[in-house]
Amino acid sequence: MPVAPPSPSLKRLPPGTWVVLAWCGGMAVTFLLRLRLPGEWYPAMRPAAQFFRWDGLVHMALATALVPACGALLRRRPLPALVLGLAASVFGTLPLGVAEIPLPQFLAAEVAVFFIAAERPRGTGVVAVVMALATLGAHLAVRLMCGWPIGVSSETAVALTTVIAWLLGNSVRESREHAEELRARAATQAVSDERLRIARELHDMVAHSIGVIALQAGAARRVIDTQPERARDALGEIETAGRQTLSGLRRMLGGLRGPGQGRPAAPGPLETASLETAPLEPGAGLAGVDRLAATTTQAGVRVDVRRLGEPRPLPPEIDVSAYRIVQEAVTNVVRHAGTASCRVWIDYRDDEVRIEVLDDGRGGDSGEGYGLIGMRERVGVLHGTFAAGPRPEGGFRVEARLPVPAEVR
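In short, a report on the structure. (Residues numbered from 1 in each chain as written. Predicted model: local features only at pLDDT ≥ 70, side-chain atom pairs only at ≥ 80, totals over all residues. Heavy atoms only, no water.)

**A look at the overall build of the protein**
Line of reasoning, step 1. When you go through the protein residue by residue, the secondary structure sums to eleven helices and five strands.
Line of reasoning, step 2. Counting across all 409 residues of the protein, residues that qualify as buried make up 43%.
Line of reasoning, step 3. Contacts in the protein between residues far apart in sequence, at least 24 positions, make up 74% of those at least 6 positions apart.
Line of reasoning, step 4. Just so you have it, the protein exposes about 21700 Å², and 62% of that area is on carbon and sulfur atoms. (Helix = DSSP H or I, 4+ residues; strand = E, 2+ residues; numbered from the N terminus. Buried < 20%, exposed > 50% of the residue type's maximum accessible area, 1.4 Å probe, protein only. Contact = heavy atoms within 4.5 Å. Areas by Shrake-Rupley, 256 points an atom, 1.4 Å probe, with all protein chains shown as cover.)

As structure tokens, this is what we get:
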């Protein structure tokens, strides 16, 4: 049977509030056990002589006053907060006339132990559970030294629930750390995969350029004696292709070479979202955006492509990367935005190409891929800037700015 997810309001309650609620619940049970409820011939527990006297009420009021202070300090100073919670359990037990600290009086301290174990380092959690167990043991030892009876079996049960609370909190902490480690590994793998894809595309571009150079060199060799002008033109094209290829190699390898060069900033929580890598056809560039838009529109999401400035030839690595960013951003819209349309802006500026993809869907809705990390990596390799996030008016926005080298402007 599926379990309903917890209410968002409950998930937002701070740990200190849960401590206070546990204390209030324990006090309510304490009073109910000492009252003859409907259908009972006698109370489940007989109240001590001081339970309803002024001194007993003062002890319970003092204990109740310590609990909110424990809750308020729990996040900032967990161990001092636990000391207050343990003191409240002792003061709350004094007017009961029992031989041990009962579970209802120790429940708030156990909740505090759970949150300390769940949210603090392992060492702090161990200290917290030892403090709680030491309080239980010290209470029995004092009673024993005073010649009073002690409830060893009942106190053992309370100690057992305290250890269980610590184990649960420690398990929550370990699960969270494991999940964070998995996310970090997945993000690292996504970056590595994207860099590998960039390297493959770079290989294809270089192979194409070398092929062009080889063809032009062969043509020049054949006509150099009979048609020197054609040979000169072919050599000029070889020079241009060689310079452009070398320039592209320097730009992209400068980013791929080391972890400190051309790397994007570390991804935020929003950037563990969106793309599963889609195949990229050879030679794709911004000229293929219209074809991409038509294919996506046929799939049910209308893509409106708008261009600003004068379209012009771009270096292959910039052209392919720009197309790739558009492709991945549109893929995210189709898979995660839940909208029927999006807009793609391609702005050809003097010194850069600006790409912007906007939608009106569920802004920032996270999938399970790492497309935004890949886009950021691709832009970082080209020494550009990248931004992605929800729009104030609703929807999601992806923007990339790819600088165009001065020699090809």
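**Digging into unusual backbone geometry**
Line of reasoning, step 1. Positive phi, close to 65 degrees, is recorded for His383, a residue that is not glycine.
Line of reasoning, step 2. With respect to the helices and strands, the residue His383 is situated in the loop between helix 11 (371-381) and strand 4 (385-390).

**A closer look at the side chain of Glu155**
Line of reasoning, step 1. For Glu155, the location among the structural elements is in helix 7 (residues 152-223).
Line of reasoning, step 2. Within the buried core, Glu155 has no salt-bridge partner, and the shortest N-O distance to an opposite charge, that of Arg143, equals 8.2 Å.
Line of reasoning, step 3. What Glu155 contacts, discounting residues up to four positions off in sequence, is Glu100, Ile101, Leu136, His139 and Leu140. (Lys, Arg positive; Asp, Glu negative; His and termini not counted. Salt bridge = Lys/Arg side-chain N within 4 Å of Asp/Glu carboxyl O.)

**Here's the deal with the environment of Ala61**
Line of reasoning, step 1. Looking at the secondary structure, you find Ala61 in helix 3 (residues 54-73).
Line of reasoning, step 2. Sequence separation of Ala61 and Phe91 is 30 residues, and the distance between their C-alpha atoms is 9.0 Å.

**Section: the packing of aromatic side chains**
Line of reasoning, step 1. Taken as a whole and assessed by the stated rule, the structure comprises one aromatic pair.
Line of reasoning, step 2. When the centroid spacing of 5.2 Å and the interplanar angle of 75 degrees are considered together, the rings of Phe114 and Phe115 count as edge-to-face.
Line of reasoning, step 3. Residue class for Phe114 comes out partly exposed when judged on its relative accessible area of 23%. (Phe/Tyr/Trp six-rings, centres within 6.5 Å; stacked < 30°, edge-to-face > 60°.)

**Some thoughts on the pairing of strand 3 (residues 352-359)**
Line of reasoning, step 1. The buried fraction of strand 3 amounts to eight of the eight residues, a majority that puts the element mostly inside the structure.
Line of reasoning, step 2. Here strand 3 shows no split at all, with Glu352, Arg354, Glu356 and Leu358 on one side and Val353, Ile355, Val357 and Asp359 on the other all buried.
Line of reasoning, step 3. When strand 2 (residues 341-348) meets strand 3, the two strands line up antiparallel, connected through seven bridges. Paired with Trp345 across the strands is Glu356, a residue of strand 3.
Line of reasoning, step 4. Linkage of strand 2 to strand 3, two consecutive antiparallel strands, is achieved through a turn of three residues.
Line of reasoning, step 5. As defined by bridge partners, strand 3 adjoins strand 5 (residues 396-403) across eight bridges and the pair is classed as antiparallel. Across the sheet, Val353 pairs through a bridge with Leu402, a residue of strand 5. (Pairing = 2+ DSSP bridges.)

**Examining the pattern of salt bridges**
Line of reasoning, step 1. On inspection of all chains with the given rule, the structure shows 19 salt bridges.
Line of reasoning, step 2. Glu119 is the partner of Arg75 in a salt bridge, and the nearest nitrogen-oxygen pair spans 3.2 Å. In this pair, Arg75 sits in the loop between helix 3 and helix 4 (78-93) while Glu119 sits in helix 5 (residues 103-119), placing the two residues 44 residues apart along the sequence.
Line of reasoning, step 3. You can call Arg75 partly exposed: its relative accessible area is 48%.

**Looking at the environment of Pro47**
Line of reasoning, step 1. Position of Pro47 among the secondary structure elements: in the loop between helix 2 (15-33) and helix 3.
Line of reasoning, step 2. We classify Pro47 as partly exposed; its relative accessible area is 28%.
Line of reasoning, step 3. With 13 residues separating them in the primary sequence, Pro47 and Arg34 have C-alpha atoms 5.6 Å apart.
Line of reasoning, step 4. Other than its neighbours up to four places away in sequence, Pro47 contacts Arg34 and Phe52.

**Here's the deal with helix 2**
Line of reasoning, step 1. Its 19 residues place the ends of helix 2 27 Å apart at the C-alpha level, agreeing with the 27 Å of an ideal helix rising 1.5 Å per residue.
Line of reasoning, step 2. Of the residues making up helix 2, those classed as buried are Pro15, Gly16, Val19, Ala22, Trp23, Gly26, Met27 and Thr30. The buried residues of helix 2 all sit within an arc of 130 degrees when viewed along its axis, so they share a single face. (Expected span 1.5 Å × (residues − 1). Arc of directions from axis to C-beta.)

**Focus: the sheet that holds strand 1 (residues 302-308)**
Line of reasoning, step 1. A sheet is described by the order of its strands in space; here five strands give the open sequence 1-2-3-5-4, paired in mixed fashion. Each end of this open sheet is capped by a strand with a single partner; those strands are strand 1 and strand 4. Averaged over all pairs of adjacent strands, the angle between strand axes in this sheet comes to 10 degrees, irrespective of strand direction.
Line of reasoning, step 2. When strand 1 meets strand 2, the two strands line up parallel, connected through seven bridges. Its bridge partner lying in strand 2, Arg306 is registered against Trp345.
Line of reasoning, step 3. Helix-sheet contacts for helix 9 (residues 289-298) involve strand 1 and strand 2, and the interaxial angle to strand 1 is about 160 degrees. (Axes fitted to C-alpha atoms, helices over the stretch in contact; angles between N-to-C directions.)

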